[in-house]
Amino acid sequence: MDCERADVVVVGARLAGCAIAAPLARAGRRVVVLDRMAFPSDQLSTHVLMPAGTSELASMGALPPILALNPSRVRYVRVEAEGIVCRERVRPAQDGIDYGVCVPRDLQDVELVRAAGEQGAEVRERCTVQALRWRAGRVSGVRYRDGDGAERELAATLVIGADGRRSTVAALVGAWKPYRLSRNGRGLVFRYLEDPLAGTVEAETYCQWREGNSFAFAFPTTPAGRLLVLLMGHREEASQARSDPEGYWLRKLREHPGLAARVSGAPPGSKLRSTGDTPAFFRASSGPGWALAGDAGHFKDPVTGQGMRDAMFAGRTLAEEILPSLDDAAAVDRATRAWEAARDRECLPAYHFANADTRVERQSPALCELVRDAGRTPEADLSDLFGRARTLREIAPPPRLARAVLAALWRGERPRTETLARAASEGRTAFQIEIERRADRFRCTRTVTGSDHPGALWPTAPTGSHGAPETSVERSARAQPRLASVLAGEETSP
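Residues take numbers from 1 onward in each chain, read along the sequence in its written order. Local features in this predicted model are restricted to residues whose pLDDT is 70 or higher, and side-chain atom pairs enter the listing and the counts only when it is 80 or higher, whereas totals over whole chains, interfaces and linings include all residues. Based on all heavy atoms of the structure, the side-chain values leave hydrogens and waters out of the count.

Draft legend 1. Layout of the overall build of the chain. Each helix and strand counted, the chain has 17 helices and 20 strands in total. In terms of its C-alpha atoms, the chain occupies a principal-axis envelope of roughly 70 × 50 × 45 Å. Pairs at least 24 apart in sequence give 76% of the contacts found in the chain among residues at least 6 apart. In the structure as shown, the chain presents an accessible area of about 20100 Å², 52% of it carried by carbon and sulfur atoms. Positive: Lys, Arg. Negative: Asp, Glu. His and the chain ends are not part of the count. Charge placement uses NZ in Lys and CZ in Arg. For Asp and Glu, CG and CD serve respectively. Looking at the chain, you have 69 positive and 63 negative side-chain charges, and the mean spots of the two groups are 3 Å apart. The helix and strand labels rest on DSSP assignments: H or I over at least four residues marks a helix, E over at least two residues marks a strand, and numbering proceeds from the N terminus. The contact criterion used is simple: two residues touch if any of their non-hydrogen atoms lie within 4.5 Å. Working definition of accessibility: Shrake-Rupley area with a 1.4 Å probe, residue cover restricted to the visible protein chains.

Here it is in structure tokens:
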């Protein structure tokens, strides 16, 4: 069997995969991207981007064709918690882009694939990876079946799995089971509607309602004049929505009167779509000759709306990290390891924030007071959390949290015992998160009480993936005692 040669093989041609391929190809490297699907194809996703995510589209070269689809350009965020409202102008990204977009994946991803191809990447659709090539204990390429059923081989300095949560590459290198896994309490139910407020400022506003233990969201989407409505209650609600779609819809409108007012007058919407399977995780994401980017390496609950931005960020930064060393295999492996550590530092605050939001409980009195405080001005504040401009620790440092708790006690809208108990619990969690941040341990497996939720189930690896000669994670740990201690969480990152 003839074997082609590429600098990098990327498995998966969606967000992370195209974000990797575009800058590498632009720099003159041969990049081959394999995807088992043919584009356009849909993907279950809430597809929300804040300005930082729109900026990633621009970096990839995909923003002009995305804008040609006429998406709503969203410049405001409105948060309502237990009837308390704040409305903010979102903070622009560093490159000056000051709007978010929300583009369905069947429209968006084909433009990403086209942009990667225009910059020189070879995107091959309907190609299924069968196995990895190994040489001297290092991944050296892939064997795959093309769209005509023929088996082909590709040799490469680096193989990157950007093939989602059920990553074939993760299974083949022995990284299928996450080293950190958290059960998420919420499910997702969503549908599209014609926007009854098209052409108004509401059609430039991402809205969220936090009432009782339920969340509801309204996202102006694509083309302008459409609205995506997302409902997030207990994960068991996903099955309820499937068994009685319209009954469930009407019940959620009663629970969220603000949403009901927002969609009042809209004609019947699309079919409800749902999932209750969104555990958060971190996988080992780098090893000899391989790396995992996007959802293949890390996934958080969609409640924060940051998964797509993080996938593109991870892909772009991985490309930037490996580009100077692609002619030196050992240097590439050092670069992917350093990239993984940097990715985790970037994503851990959002992981913890999402874990907190996936607890199915009433909003805490302190959070309600933070919303009240942020609502005093239209400037960016809480929206920075969703836009990744600042972390929760930066937005709500201990002095501000203490003031929020005191304000809740003074206002007396909840029993004092409830306010104090929630404040104490959230304070303990914040303290543990801060300890974890400062320790900066690589592939840390310590549980943060109040954030990491035990009990998540993980599926078995895909059939045939056990055929790798020895998992590279195990091999590296056996051959390098220092790495073994890192994998055990005993050393800090490089």
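Draft legend 2. Region of interest: the state of the cysteines. When two cysteine sulfur atoms lie within 2.5 Å, the pair is treated as a disulfide. Counted according to the given criterion, the structure contains zero disulfides. With no disulfide of its own, C3 has C127 as its nearest cysteine by sulfur position, at a separation of 15 Å. Distance from the sulfur of C347, which forms no disulfide, to the nearest cysteine sulfur (C444) is 15 Å.

Draft legend 3. Geometry of the confidence of the model for the chain. Averaged over every residue, the pLDDT of the chain is 91; residues scoring 70 or more account for 93%. The predictor attaches a confidence to each residue, called pLDDT, with possible values from 0 through 100. Of the regions scoring below 50 in pLDDT, residues 466-494 engages in 50 contacts with residues more than four places distant in sequence or in other chains.

Draft legend 4. Fine view of the packing of helix α11 (residues 365-374) against helix α14 (residues 398-411). Axis definition: a line fitted to C-alpha atoms, over the contacting stretch in the case of helices. Angles run 0 to 180 degrees between N-to-C directions. Between α11 and α14, the shortest axis-to-axis distance is 8 Å and the interhelical angle comes to 100 degrees. One way to sum up the angle between α11 and α14 is to call them roughly perpendicular. The segment α11 lies against α14, with P365, A366, E369, L370, R372, D373 and A374 engaging R400, L401, A404, V405, A407, A408 and R411. In terms of residue class, the contact of α11 with α14 is made up of nine nonpolar, no polar and five charged. Oblique is the label for every angle not falling under 35 degrees (roughly parallel), over 145 degrees (roughly antiparallel), or within 65 to 115 degrees (roughly perpendicular). The classification used treats Ala, Val, Leu, Ile, Met, Phe, Trp, Tyr, Cys and Pro as nonpolar, Asp, Glu, Lys and Arg as charged, and all other residues, Gly among them, as polar.

Draft legend 5. Representation of helix α1 (residues 15-26). Across its twelve residues, α1 extends 17 Å between first and last C-alpha, which sits within 8% of the 16 Å expected from 1.5 Å per residue. Each residue gets one of three labels from its accessible area relative to the maximum for its type: buried under 20%, exposed over 50%, partly exposed in between, using a 1.4 Å probe on protein chains only. Summarising burial for α1: eleven of the twelve residues are buried, a large majority. What α1 keeps buried is the set L15, A16, G17, C18, A19, I20, A21, A22, P23, L24 and A25. On its buried side, α1 packs onto β1 (3-11), β2 (31-34), α2 (51-60), α4 (105-118), β10 (151-161) and α9 (307-322). One or two positions beyond α1, positive phi appears at G28, with a value near 95 degrees. Helix span, as expected, comes to 1.5 Å for every residue beyond the first.

Draft legend 6. Layout of the nonpolar core. Residues belong to one nonpolar core when they are buried, are Ala, Val, Leu, Ile, Met, Phe, Trp, Tyr or Cys, and are joined through side-chain atoms within 4.5 Å. In this structure, V8, L24, L57, I160, L318 and I322 are the most contacted members of the largest nonpolar core, which totals 47 residues. In terms of residue count, α1 provides more of this core than any other element does, nine residues in total. Counting residues in hydrophobic clusters, the runner-up holds 30 residues, among them V48, V77, F219 and V303.

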